[in-house]
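What follows is the residue order along each chain.
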Amino acid sequence: MEKNGKKCGHCQASIIGRADKRFCSSQCRTGFANAHRLSDQGELLIKEVNMVLRHNRQLLKKASPHGKTTVRRQVLELAGFNFRYFTHVYRTKQGNTYHFCYDYGYLLLPQEDKVLIVNWQQYMQPQENI
Ligand SMILES: [Zn+2]
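Residues numbered from 1 in each chain as written. Predicted model: local features only at pLDDT ≥ 70, side-chain atom pairs only at ≥ 80, totals over all residues. Heavy atoms only, no water.

Caption draft 1: Main features of the environment of Glu112. One can find Glu112 in the loop between β6 (104-109) and β7 (114-119). For the pair formed by Glu112 and Leu44, sequence separation is 68 residues and the distance between their alpha carbons is 37 Å. (Helix = DSSP H or I, 4+ residues; strand = E, 2+ residues; numbered from the N terminus.)

Below, the structure written as structure tokens:
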């Protein structure tokens, strides 16, 4: 095996072997791919949004571990809840729209800036496209 005069694209070590090799090892090829993926703006955004959604869900779960609970909107906001992010919505026959973060959701109540927190229920599964 000869040094081919090139340096590894990830760790800069001299590459031994074929002239078209770009990395010294499969670990470095994977490492480079992972580092590259993290610098992708789309992937970064996905990571950030996932973090916000996860945080939102944690706050809902903490506020309402066992079903329906009413809290002040401000309580969630102070804890860092971000009302702009949710995974899906559930619209009731009465026209109320619940916003969900995975398996926990909330309904903004018109009076006193309150929020009703609920757990996802089987019957909320959409029967048809809405
Ligand atoms: Zn390397």
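Caption draft 2: View of the coordination of the zinc ion. The zinc ion binds to the protein through Cys8 (SG), Cys11 (SG), Cys24 (SG) and Cys28 (SG); the donor distances cover 2.3 Å. Classification of the site at the zinc ion as tetrahedral follows from its four donor atoms and the range of 107 to 115° in their angles at the metal. The sequence motif formed by the donor residues of the zinc ion is C-x2-C-x12-C-x3-C. Taken together, the positions of Cys11 in the loop between β1 (3-7) and β2 (14-16) and Cys24 in the loop between β2 and α1 (26-38) put the pair 13 residues apart, joining distant regions of the chain. Judged by relative accessible area, Cys24 falls into the partly exposed class, the value being 31%. (Donors = N, O, S within 2.8 Å, 3.2 Å for Na, K, Ca; no water. Tetrahedral: all angles 85-135°; square planar, octahedral: opposite > 155°, others 65-115°. Buried < 20%, exposed > 50% of the residue type's maximum accessible area, 1.4 Å probe, protein only.)

Caption draft 3: Spatial organisation of the pairing of β7. Where burial is concerned, most of β7 is hidden: five out of the six residues are buried. Relative to β7, strand β3 (residues 69-72) runs antiparallel, the two sharing four bridges. Bridge assignment links Thr70 to a residue of β7, and that residue is Leu116. Here β6 pairs with β7 via six bridges, running antiparallel. Its bridge partner being in β7, Leu108 is matched across the sheet by Val115. Linking β6 to β7, which pair antiparallel, is a turn of four residues; within it Glu112 sits at a positive phi near 55°. (Pairing = 2+ DSSP bridges.)

Caption draft 4: Structural detail: the pattern of salt bridges. Counted under the stated rule, the structure contains three salt bridges. Across the pair Arg73 and Glu77 runs a salt bridge whose closest N-O atoms are separated by 2.8 Å. In this pair, Arg73 and Glu77 are both assigned in helix α3 (residues 73-78), four residues apart and thus about one turn of the helix distant. What makes Arg73 partly exposed here is its relative accessible area of 23%. Owing to a relative accessible area of 38%, Glu77 belongs among the partly exposed residues under this scheme. (Salt bridge = Lys/Arg side-chain N within 4 Å of Asp/Glu carboxyl O.)

Caption draft 5: Summary view of the nonpolar core. Judged by nonpolar contacts, Leu53, Leu59, Leu60, Val71, Leu76, Phe81, Phe83, Cys101, Tyr104, Tyr106, Val115 and Ile117 together constitute the single largest core of 12 residues. Elements with a minimum of two residues in this core: α2 (41-63), β6 and β7. Beyond its immediate sequence surroundings of up to four residues, Tyr106 is in contact with Leu60, Phe81, Phe83, Thr97, Tyr98, His99, Val115, Leu116 and Ile117. Ranked by size, the runner-up nonpolar core spans eight residues in total, among them Tyr90, Phe100, Leu107 and Met124. (Core = buried A, V, L, I, M, F, W, Y, C linked by side-chain atoms within 4.5 Å. Contact = heavy atoms within 4.5 Å.)

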